[in-house]
Amino acid sequence: MKPPFLLLLLLLLFHAITIFTSSASLPQPPTPSKIPPSSSSSSPPSSSPSPTSSPSPPSSSSSPPSSSPSPTSSPSPPSSSSSPSSSPSPSSPSSSSPSTLDPKQLRALQSLNMPTSKDPCAKPSFHNATVCDSSKPFRHIISLRLANCSSYVALSYTALKSLSTLQSLQLLNCPVAPIRFPPELIASLRSFTAVNSLRKVSGVWLSRLENLTDLTVTNVAVKASGPFVILGHMKKLKTLTISHANLTGYLPKSIHSNLTHIDFSGNQLKGSIPTSITMLDSLEILNLSSNALTGELPASVGDLISLQNLSLASNSISGAIPDSISAIPGLVHMDLSSNQFNGTIPKFISQMKNLRYLNLANNNLRGVVPFNSTFIKKLAMFKLGGNSNLCYNHTVLSSKLKLGIAPCDKYGMPMSPPASKDSSEDVTSDDYDDSDDKPKKGEHHGPNKVVLGVAIALSSIIFLIVFLILLAKCCR
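Residues numbered from 1 in each chain as written. Predicted model: local features only at pLDDT ≥ 70, side-chain atom pairs only at ≥ 80, totals over all residues. Heavy atoms only, no water.

**Quick word on the state of the cysteines**
Phase 1 of the analysis: Inspection of the entire model under this criterion finds two disulfides.
Phase 2 of the analysis: Each disulfide pairs two cysteine sulfurs, and for Cys149 the partner residue is Cys174, the sulfurs being separated by 1.8 Å. Every disulfide takes its handedness from the sign of the S-S torsion; for Cys149 and Cys174 that torsion is 65 degrees, giving right-handed. Taken together, the residues span a long stretch of sequence, with Cys149 in the loop between strand 4 (141–147) and helix 3 (157–162) and Cys174 in the loop between strand 5 (168–172) and helix 4 (183–188) at a distance of 25 residues. The pair Cys149 / Cys174 is uniform in exposure class, with both members buried.
Phase 3 of the analysis: Note that Cys391 is cross-linked by a disulfide to Cys408, the S-S spacing being 2.0 Å. Here Cys391 and Cys408 share a disulfide; its torsion about the S-S bond, 100 degrees, makes the bridge right-handed. You can see Cys391 sitting in strand 23 (residues 389–392) and its partner Cys408 sitting in the loop between strand 24 (406–407) and helix 8 (449–474), a full 17 residues away along the chain.
Phase 4 of the analysis: A relative accessible area of 0% places Cys391 in the buried class. (Disulfide = S-S within 2.5 Å. Helix = DSSP H or I, 4+ residues; strand = E, 2+ residues; numbered from the N terminus. Buried < 20%, exposed > 50% of the residue type's maximum accessible area, 1.4 Å probe, protein only.)

Below you can see the structure in the form of structure tokens.
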């Protein structure tokens, strides 16, 4: 009986050790934690639709899309200034084409310190790009982009005259001195972009480019008594950007109807917004942010039936927000922040199906917010803070929305100062998460696996000892 007894004892002891080891080595599940809601900042667009690139939110002091694009920061150059393929010109022929570049234009490129050892039209470089037509016996340049120019590059009259076939000229970070354009080049040019280039230009100098359809001047000092000096003879213009150019004067009272894009942001324009602008039924983007505009927003603003992006932020515009603004069917981005708008918020704004960016912060608006949670949930950005006389109905909107304004009392007046004084507080769809039953960091549900393993092992050892005692008594 003795050997089987020892064998049984060893087997039971091995079984207990195995149970202890396997229980102690069980992996612990990760501790669940509540993920904080993400917040959206104000770029459009863009797009936001960005004001100078696409129908995205214009850039402004509050920042959406575009400019911008979001719709709200300083506007960026249009897409046409970043890629030669976007200019209104045909694609360049392949390098296998028997036609070569016009020798005069080749010498002009050399004077601009552009590499010409290889065909510049076949493989344009990133900084200096050219697009050519397919004419014979010599091809001609129809699009030219100069970027990050060296300090000794000069746009000579002779070189520009040789490049009179250009339809698009883009200067990016090229602080060269401006020079008179030859008549042949003025007649041919359709798109002109100057971003942080040319040091300083005059309105008269720009006005000579009367055949342009696209004009972009950004971060370039423009000396002119007003935009009309520049636009007076530009009857073909469709997109216009003169931003951060220290431009003074008043908005023109008459303007041609072909414009689809107007960006005068970051200047020193004064006076009121003329009704002539509201007659541009093809206008898609209007960015007048960061100026010194006063007066009231014309009630006829609702006539801008093609408008997608409206930014009037950081001016001194007063009066009520016109009810007609809610009649603009495709409006996506509306930034009226940091002005002196008063009165109540038009309730019809909640019926604008395409609206995604709405910034009414830092005004003198009053009354009850006429929006429900369904409307606010569909917005990518919503700001109301900085309106001390504005309040929300706490039976309609939850305090968890963090609107930056106080709830209303029974008289429709603010009950107390808002819980959050940050007027730039964004409301996103994540703010609607009301669940409080999620496990928090550090919480455990059920016993720890290691403790459970130790308990099982100890119980097995105790059971083994009792079993051995009983077995020893039976074997006597």
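**Thoughts on the packing of aromatic side chains**
Phase 1 of the analysis: Counted by the stated rule, this structure contains five aromatic pairs.
Phase 2 of the analysis: Judged by centre distance (4.6 Å) and plane angle (40 degrees), the rings of Phe371 and Phe375 are tilted. Each member of the pair, Phe371 together with Phe375, is buried.
Phase 3 of the analysis: Each ring, one from Phe371 and one from Phe382, has its centre 5.8 Å from the other, and the planes form 65 degrees; the classification is edge-to-face. One end of the pair, Phe371, is in the loop between strand 21 (364–368) and helix 7 (373–377); the other, Phe382, is in strand 22 (residues 381–383), with 11 residues separating them in the sequence. The same class applies to Phe371 as to Phe382, namely buried.
Phase 4 of the analysis: Ring pairing ties together the aromatic residues Phe181, Phe192 and Trp205, which thus form one cluster. (Phe/Tyr/Trp six-rings, centres within 6.5 Å; stacked < 30°, edge-to-face > 60°.)

**Re the sheet that holds strand 19 (residues 340–343)**
Phase 1 of the analysis: The five strands lie next to each other as 17-19-21-23-24, forming an open sheet whose pairing is parallel. The sheet terminates laterally at strand 17 (318–320) and strand 24, the two strands that pair on one side only.
Phase 2 of the analysis: One ladder, built from three bridges, connects strand 17 with strand 19; its direction is parallel. Within strand 19, the residue paired with Gly319 across the bridge is Phe341. (Pairing = 2+ DSSP bridges.)

**A short note on the sheet that holds strand 15 (residues 292–293)**
Phase 1 of the analysis: The sheet built from three strands is open, its strands ordered 11-13-15 with parallel pairing. Both outer strands of the open sheet, strand 11 (248–250) and strand 15, are each paired with one neighbouring strand and no more.
Phase 2 of the analysis: Sheet analysis places strand 11 next to strand 13 (residues 268–271), joined by three bridges and oriented parallel. When the sheet's bridge partners are listed, Thr248 is paired in strand 13 with Gln268.

**Thoughts on the environment of Asn258**
Phase 1 of the analysis: Of note, Asn258 is situated in the loop between strand 11 and strand 12 (261–263).
Phase 2 of the analysis: Dropping the residues within four chain positions of it, Asn258 is found in contact with Lys235, Lys236, Leu237 and Lys238. (Contact = heavy atoms within 4.5 Å.)

**A closer look at the confidence of the model for the chain**
Phase 1 of the analysis: Taken residue by residue, the chain gives an average pLDDT of 75. The fraction at 70 or more is 66%.
Phase 2 of the analysis: Predicted confidence for residues 29–99 stays below pLDDT 50, and this span has 303 contacts to residues more than four positions away or in other chains.
Phase 3 of the analysis: Of the regions scoring below 50 in pLDDT, residues 428–444 engages in 34 contacts with residues more than four places distant in sequence or in other chains. (pLDDT = per-residue confidence, 0-100.)

**A short note on the nonpolar core**
Phase 1 of the analysis: Core analysis: the biggest nonpolar cluster contains 93 residues, and Phe192 and Leu215 have the highest contact counts within it.
Phase 2 of the analysis: Examining the composition of this core, we find that three residues originate from one element, strand 4, more than from any other.
Phase 3 of the analysis: Residues contacting Phe192, with those up to four places away along its chain left out, are Leu169, Leu171, Phe181, Leu198, Trp205, Leu206, Leu209, Leu212, Asp214, Leu215 and Thr216. (Core = buried A, V, L, I, M, F, W, Y, C linked by side-chain atoms within 4.5 Å.)

**A short note on helix 2 (residues 103–111)**
Phase 1 of the analysis: Of the residues making up helix 2, those classed as buried are Gln105, Ala108 and Leu109. For helix 2, the buried positions fall inside an angular range of 100 degrees around the axis, keeping them on one side. In helix 2, those exposed residues whose orientation departs by more than 90 degrees from the buried face are Lys104 and Arg107. (Arc of directions from axis to C-beta.)

**Focus on unusual backbone geometry**
Phase 1 of the analysis: Positive phi values are uncommon outside glycine, yet Asn173 reaches one of about 55 degrees.
Phase 2 of the analysis: Exposure remark for Asn173: the relative accessible area of 35% places this residue in the partly exposed category.
Phase 3 of the analysis: For Asn362, which is not glycine, the phi dihedral falls at a positive 60 degrees.
Phase 4 of the analysis: In this fold, Asn362 is placed in the loop between strand 20 (357–359) and strand 21.
Phase 5 of the analysis: Given the relative accessible area of 33%, Asn362 is considered partly exposed.

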